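Listed below, chain by chain, are the residues.
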Amino acid sequence: MNSAQIEIQLIASLVAIACAIPGTFLVLRKMAMISDAISHSILPGIVIGFFITQDLNSPLLILLAAFTGIITVVLVEYIQKTGLVKEDTAIGLVFPALFSIGVILIAKNANDVHLDVDAVLLGELAFAPFDRLFIGGTDVGPKSLWIIGSILITTIGLLLAFFKELKLSTFDKGLAASLGFSPAIIHYGLMSVASVTTVGAFDAVGAILVVALMIAPAATAYLLTTDLKKMLGLAIGFGVLSAISGYWFAHWLDASIAGSITTMLGFIFLIVFLFAPSKGIIAVMYREKQQRTEVSLLTFLLHLKNHTEERERHVNHLQEHINWQKVRAKTVLDLALKNNMIVFNKNIVSLTEKGDTFTSKAIDYIITNEDAQIEDMKEDFFLFRG
Amino acid sequence: MKEQSQNKETPTYSGVLAVKVDDLTVAYNYKPVLWDIDLEIPEGVLMAIVGPNGAGKSTLIKSILGILKPIAGSVSIYGKPYDKQRKLVAYVPQKGSVDWDFPTTALDVVMMGTYGSLGWIKRPKQKEKKAALEALEKVGMLAFKSRQISQLSGGQQQRIFLARALVQNASIYFMDEPFQGVDATTEIAIINILKELRKAGKTVIVVHHDLQTVPEYFDWVTFLNVKKIATGPVKDIFNDDNLTKTYGINYKVSIQE
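Because the structure is predicted, anything quoted here is derived from the model rather than measured. (Residues numbered from 1 in each chain as written. Chains lettered and ligands numbered in written order. Predicted model: local features only at pLDDT ≥ 70, side-chain atom pairs only at ≥ 80, totals over all residues. Heavy atoms only, no water.)

K.L.:
Please clarify how the pairing of strand β2 (residues 138–142) of chain A should be interpreted in this entry.
P.N.:
Regular strands place side chains that alternate from one sheet face to the opposite one. All names here are of chain A. Bridge count between strand β1 (residues 132–135) and β2: three bridges; the pairing is antiparallel. Note that in β2 the partner of Arg132 across the bridge is Pro142. In textbook terms, the turn of a hairpin is the stretch between consecutive antiparallel strands, and for β1 and β2 this stretch comprises two residues, one of which, Gly136, has a positive phi near 55°. (Pairing = 2+ DSSP bridges. Helix = DSSP H or I, 4+ residues; strand = E, 2+ residues; numbered from the N terminus.)

So this is what it looks like as structure tokens:
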């Protein structure tokens, strides 16, 4: 690896971390689309900032563009509050309007501005190492690295200071307000961080990838954990993993780095979506199947318990009476036998003592909904979990 | 069963006003939901707020707590504005107002009750954790402290909310429909805790839907339907006349005990 390669991966990783932090809260607040809006509507801010400063990396430009991001949020909320349109519609109205202003501004001044729409949408990570920061004539590294580094440090500082407040207002706005933690302040704080991060990241990775880096790692982490801190950690991890693997994927294909990182983000999400241990599609399907079988088992055991007469418990009768297909009846019988809950005696099925106790306990639970009774059954039966 | 949940002892009131609401008017988009409400809630009562859907019951609580801004009127808690008395007040919102899929545990939700006394930036420490565990124990949920909140039943979630309010160790408790969607066992457990709070001299204000249980659970009641219809001791004012005025139809409940 040469130093440019290391620098690109470092920038991509820092961008990923800086995006994953606000992204986690945006996902939990069901505001994923607002990051899309911000990432597009900062364009006029960037263009105007560029006219003034003539420098894409100037802090003034970043602040100006972030301010446009906040204006987007305010406009969306204002339109939504009138009650005339819903939030998603308001988002769909505001950001294309602002974005198009940016596009027109670029087109009108194409000759003087070193900025084109493609670069805005997709970013140019590969060129990031060429634009260097000099302090007193010494080369201290790429400008983008310094910009995103400072944004990241600020974000982490804010996260550490206000983690409790962010968590509270995200989970329960009403309680936050009644305890004196103004949800509006926290909301606009988060929106400001998201806007500044978007602007800072955007030069490197473009408007579209910024959204992916905010939302995809958090959405992936959400499927894997039930702990907010772990969710943040995992989101950061997935972001960095996609950034680095995406870089090498692009290197190998000789393709766009931004595009490859986004592809990796999608790929990792897909894998987790399918295989996550408890929330993944496969786990959910397996659990549903298991639950169906267990409900059947319980129905069957209950039938045995309710009927002492042998006629009702004869194998042939059971099949027609409970009215199950043979396959299902067999699955249930096998499961009951395997768990020593029933015994066969000349084609008459009876509950064993274990089966009898189990049935009573299960019925008791279903009737009273008292959790204590089934704590020890949970290990064996999905039916009683959650 | 009646003997269990019935509380026949007569509560004693100190005569101090816990909450005073003056000329409160709240509107959504210029449509008043609460109209010129005057309300005095004495310290130490266990009070139900009753009224039909859309009567402004939740709105009243939210405006007292400063969550909604009234267009007119004022609220005082022990004689001072709410902003200065936050620490005296605990709030249990409607269970449906939060996302129970949020990645957090029962204990963590209860800990949130301690955030108010911590203030900005400071983190909860051992002391707060201990208080949260005690509150969980009080509501019978200690065994579930590490359970992810979506894995709890509706009644258990409500108990968690109650524990979160208990941990605030407040003087006045506001609860928005704490009995909604809970089973009978949990309902009795909750009302017993509320009665204990009253016994400890706290004031408890509950938005309540089940008119049948008002005389059994509460000693004070406020009838609300956009305007205040009546407020006072259950034994004096919980009658067909006020119910009819509040609910608009000829309402009959048998309230003989």
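K.L.:
Would you take a moment to explain the interface of chain A and chain B for this structure?
P.N.:
The parts lose accessible area when they come together, and the size of an interface is often stated as this lost area. In this assembly, 34 residues from chain A lie in contact with 36 residues from chain B. Taken together, the two surfaces of chain A and chain B that pack against each other cover about 3000 Å², and 61% of this comes from carbon and sulfur. On inspection of chain A and its partner chain B, the count reaches three salt bridges. For Arg164 of chain B, the salt bridge is made with Asp172 of chain A, and the minimal N-O distance between the two is 2.7 Å. Connecting chain A to chain B are 14 residue pairs in polar contact (both at pLDDT 80 or more). Of all elements in the fold, only α7 (143–171), α8 (173–178), α9 (183–222) and α10 (228–253) of chain A reach the threshold of two or more residues within the side of chain A that touches chain B. Top element by residues in the side of chain A that touches chain B is α7 of chain A. It accounts for nine residues. Looking at side-chain class alone, the side of chain A that touches chain B contains 14 nonpolar, nine polar and eleven charged residues. (Contact = heavy atoms within 4.5 Å. Buried area = accessible area lost by both parts, 1.4 Å probe. Salt bridge = Lys/Arg side-chain N within 4 Å of Asp/Glu carboxyl O. Polar contact = N/O pair within 3.5 Å; in protein donor to acceptor, adjacent residues only side chain to side chain. Nonpolar A, V, L, I, M, F, W, Y, C, P; charged D, E, K, R; others polar.)

K.L.:
Sorry, what's going on with unusual backbone geometry here?
P.N.:
What you tend to see is this: most non-glycine residues have negative phi, and most peptide bonds are trans. Phi is positive for Lys30 of chain A, which is not a glycine, with a value near 55°. Take Lys30 of chain A: it is sitting in the loop between α1 (3–28) and α2 (32–41). The phi angle at Asp23 of chain B is positive, at roughly 45°, despite the residue not being glycine. Assignment of secondary structure puts Asp23 of chain B in strand β1 (residues 17–28).

K.L.:
Please clarify how helix α7 (residues 154–166) of chain B should be interpreted in this entry.
P.N.:
It helps to recall that an α-helix has 3.6 residues per turn; residues three or four apart then point in one direction. All names here are of chain B. In this model, α7 (13 residues) spans 19 Å end to end at C-alpha, consistent with the 18 Å of a helix rising 1.5 Å per residue. Burial analysis of α7 places twelve of its 13 residues in the buried class, which makes it a mostly covered element. Three or more residues of α7 are buried, namely Gly155, Gln156, Gln157, Gln158, Arg159, Ile160, Phe161, Leu162, Ala163, Arg164, Ala165 and Leu166. (Expected span 1.5 Å × (residues − 1). Buried < 20%, exposed > 50% of the residue type's maximum accessible area, 1.4 Å probe, protein only.)

K.L.:
Please explain the packing of aromatic side chains as it appears in this structure.
P.N.:
To describe a pair of aromatic rings, one takes the distance between the centres and the angle between the planes. This structure, assessed with the given rule, holds eleven aromatic pairs over all chains. Each member of the aromatic cluster is reached from another via a ring pair, and the members are Phe171 of chain A together with Trp100, Phe102 and Phe161 of chain B. The side chain of Lys279 of chain A reaches across the aromatic face of Tyr222 of chain A, ending 4.3 Å from its centre. (Phe/Tyr/Trp six-rings, centres within 6.5 Å; stacked < 30°, edge-to-face > 60°. Lys NZ or Arg CZ within 6 Å of the ring centre and 35° of its normal.)

K.L.:
I would appreciate a short explanation of the sheet that holds strand β6 (residues 172–176) of chain B in the present structure.
P.N.:
Pairing between the strands of a sheet is mediated by backbone hydrogen bonds and can be parallel or antiparallel. Residues and elements named next belong to chain B. One open sheet holds the six strands; their spatial order is β5-β6-β7-β3-β8-β9, and the pairing between them is mixed. Since the sheet does not close on itself, it has two edges, and those belong to β5 (89–92) and β9 (227–233), each with one partner. Shown here is a sheet whose adjacent strand axes are inclined to one another by a mean of 15°, direction ignored. By the bridge criterion, four bridges tie strand β3 (residues 46–50) to strand β7 (residues 203–207) in an arrangement that is parallel. Bridge pairing in β7 links Ala48 to Val206. Against the sheet, α7 makes contact with β5 and β6, and its axis sits at roughly 170° relative to β5, the strand it touches most. (Axes fitted to C-alpha atoms, helices over the stretch in contact; angles between N-to-C directions.)

K.L.:
What is the right way to read the sheet that holds strand β4 (residues 72–77) of chain B from this model?
P.N.:
Residue and element names in this part refer to chain B. With antiparallel pairing, three strands are arranged side by side in an open sheet as β2-β1-β4. Only two strands of the sheet have a single partner each, and these edge strands are β2 (31–42) and β4. Adjacent strand axes in the sheet meet at a mean angle of 15°, parallel and antiparallel pairs treated alike. The sheet contacts of helix α2 (residues 57–64) involve β1, β2 and β4, and relative to β1 the element is tilted by about 115°.

K.L.:
Please explain the confidence of the model for chain B as it appears in this structure.
P.N.:
Low-pLDDT stretches of the model should not have their predicted coordinates read in fine detail. All names here are of chain B. Overall, the predicted model of chain B reaches an average pLDDT of 87, with 92% of residues at or above 70. With pLDDT under 50 throughout, residues 1–8 is counted as low confidence; its partners more than four residues away or in other chains account for nine contacts. Among the scores for the predicted complex, ipTM is 0.85 and pTM is 0.86. (pLDDT = per-residue confidence, 0-100.)

K.L.:
Just to check I follow, could you spell out helix α4 (residues 59–81) of chain A for this structure?
P.N.:
Residues and elements named next belong to chain A. For α4, with 23 residues, the first-to-last C-alpha span of 33 Å sits near the 33 Å given by 1.5 Å per residue. Where α4 is buried, its residues meet α2, α3 (43–53), α5 (87–108), α7 and α9. Of the residues one or two after α4, Gly83 is the one with positive phi, at around 80°.

K.L.:
When you look at the pattern of salt bridges in this model, what are you seeing that I'm missing?
P.N.:
Side-chain pairing between opposite charges can occur once the charged atoms of the two side chains come close. Residue and element names in this part refer to chain A. One pass over the full model with this rule turns up twelve salt bridges over all chains. Where Arg132 meets Glu7, a salt bridge forms, and the shortest distance between an N and an O atom there is 2.8 Å. With a gap of 125 residues between them, Arg132 in strand β1 and Glu7 in helix α1 connect regions that are remote in the sequence. Because the salt bridges share partners, they merge into one network encompassing Glu7, Arg132 and Asp139.

K.L.:
What should I look at first to understand a negative patch on the surface in this one?
P.N.:
Residues and elements named next belong to chain B. A surface patch of negative charge is lined by Asp23, Asp36, Asp38 and Glu40. Broken down by element, the negative patch gets its largest block of residues, three residues, from β2. Structurally, the position occupied by Asp38 is in strand β2. (Patch = residues over 30% accessible without salt bridge, like charges linked within 9 Å, V, L, I, M, F, W, Y side chains within 5 Å. Areas by Shrake-Rupley, 256 points an atom, 1.4 Å probe, with all protein chains shown as cover. Lys, Arg positive; Asp, Glu negative; His and termini not counted. Charge placed at Lys NZ, Arg CZ, Asp CG, Glu CD.)

K.L.:
Would you mind showing me how to read a nonpolar patch on the surface here?
P.N.:
Residue and element names in this part refer to chain A. Residues Phe267, Leu270, Ile271, Phe273, Phe275, Ile281, Ile282 and Met285 make up a contiguous nonpolar surface patch of roughly 750 Å² in combined accessible area. Going through the elements one at a time, α11 (257–275) and α12 (281–306) are the ones with two or more residues in the nonpolar patch. Broken down by element, the nonpolar patch gets its largest block of residues, five residues, from α11. Note that Ile282 resides in helix α12.

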